[in-house]
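# Topology and contacts: notes
Single-letter residue listing:
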Amino acid sequence: MYCSNCGKELNDNAVICPGCGVPTGKNGIPAQEKMNVLAIVGFVLAFFIPVAGLICSIIGKNKADEYGGNGKSLATAGIAISIAEIVIIVLSVILIIALAFTGVLAGLSMWA
Ligand SMILES: [Zn+2]
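Remember, predicted model here, so these are calculated numbers, not experimental data.

## Side note on the overall build of the protein
- Secondary structure assignment for the protein yields three helices and zero strands.
- For the protein, the α and β elements follow one another from N to C terminus as α-α-α.
- Computed over its C-alpha atoms, the radius of gyration of the protein comes to 23 Å, more than 25% above the 13 Å expected for a compact globule of 112 residues.
- Counting only C-alpha atoms and orienting by the principal axes, one finds that the protein spans roughly 85 × 20 × 20 Å.
- When the 112 residues of the protein are sorted by exposure, 20% land in the buried category.
- For the protein, long-range pairs separated by at least 24 residues make up 39% of all intrachain contacts whose partners lie at least 6 apart in sequence.
- If you sum the accessible surface of the protein, you get close to 7,400 Å²; carbon and sulfur atoms cover 70% of it.

## Structural notes on the coordination of the zinc ion
- Around the zinc ion, the protein supplies Cys3 (SG), Cys6 (SG), Cys17 (SG) and Cys20 (SG) as donor atoms, at distances of 2.2 to 2.3 Å.
- Considering all four donor atoms around the zinc ion, angles at the metal cover 106 to 116° and the coordination shape is tetrahedral.
- Each donor residue of the zinc ion belongs to the same chain, and together they define the spacing C-x2-C-x10-C-x2-C.
- Overall, the relative accessible area of 1% leaves Cys17 in the buried class.

## What to know about the pattern of salt bridges
- Tallying each qualifying case throughout the model produces one salt bridge.
- Residue Asp65 pairs with Lys72 through a salt bridge whose shortest N-O separation is 3.1 Å.
- The class of Asp65 is exposed, set by a relative accessible area of 54%.

## Structural notes on helix 2 (residues 50–63)
- The first and last C-alpha atoms of helix 2 sit 19 Å apart over 14 residues, in line with the 20 Å expected at 1.5 Å per residue.
- Those residues of helix 2 not exposed but buried are Pro50, Gly53, Leu54, Cys56, Ser57 and Gly60.

## Some words on the domain arrangement of the protein
- When the domains of the protein are assigned, the result is domain 1 (1–34) and domain 2 (35–111).
- On a C-alpha basis, the centroid separation for the pair domain 1 and domain 2 is 35 Å.

## Quick word on the packing of aromatic side chains
- On inspection of all chains with the given rule, the structure shows one aromatic pair.
- On the numbers, 5.4 Å between centres and 80° between planes, the contact of Phe43 with Phe47 is edge-to-face. Here the residue Phe43 and the residue Phe47 both occupy positions in helix 1 (residues 37–48), the gap between them amounting to four residues, near one helical turn.
- The exposure class of Phe43 is partly exposed, given its relative accessible area of 24%.

About the thresholds
- Residues numbered from 1 in each chain as written.
- Predicted model: local features only at pLDDT ≥ 70, side-chain atom pairs only at ≥ 80, totals over all residues.
- Heavy atoms only, no water.
- Helix = DSSP H or I, 4+ residues; strand = E, 2+ residues; numbered from the N terminus.
- Rg over C-alpha atoms; globule rule 2.2 N^0.38 Å.
- Buried < 20%, exposed > 50% of the residue type's maximum accessible area, 1.4 Å probe, protein only.
- Contact = heavy atoms within 4.5 Å.
- Areas by Shrake-Rupley, 256 points an atom, 1.4 Å probe, with all protein chains shown as cover.
- Donors = N, O, S within 2.8 Å, 3.2 Å for Na, K, Ca; no water.
- Tetrahedral: all angles 85-135°; square planar, octahedral: opposite > 155°, others 65-115°.
- Salt bridge = Lys/Arg side-chain N within 4 Å of Asp/Glu carboxyl O.
- Expected span 1.5 Å × (residues − 1).
- Domains from an automatic or database assignment.
- Phe/Tyr/Trp six-rings, centres within 6.5 Å; stacked < 30°, edge-to-face > 60°.

Next comes the structure, spelled out in structure tokens:
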């Protein structure tokens, strides 16, 4: 078959044209209608496993162009939420360490 956009000869199984990136509409599903699963998974994971959510969201955002832009805003939201979660976790750990350290100092001062 040939690309409907640029006329390049394509592999019959090609989902997008390697020449111009336009979806071929293969498998009866137009590429624009395909769900960007990684973006959705990344968004959900962002709330529970922020590091995994961040990775999935970044890949999902990179792949969004293959899906005709589907999931790009969702992936961007997933990245933002993941980073926010990671920052909160890091700050919490620092706070806990600081409190524990203060507690140790207080404990030591009792013995002094
Ligand atoms: Zn093309």
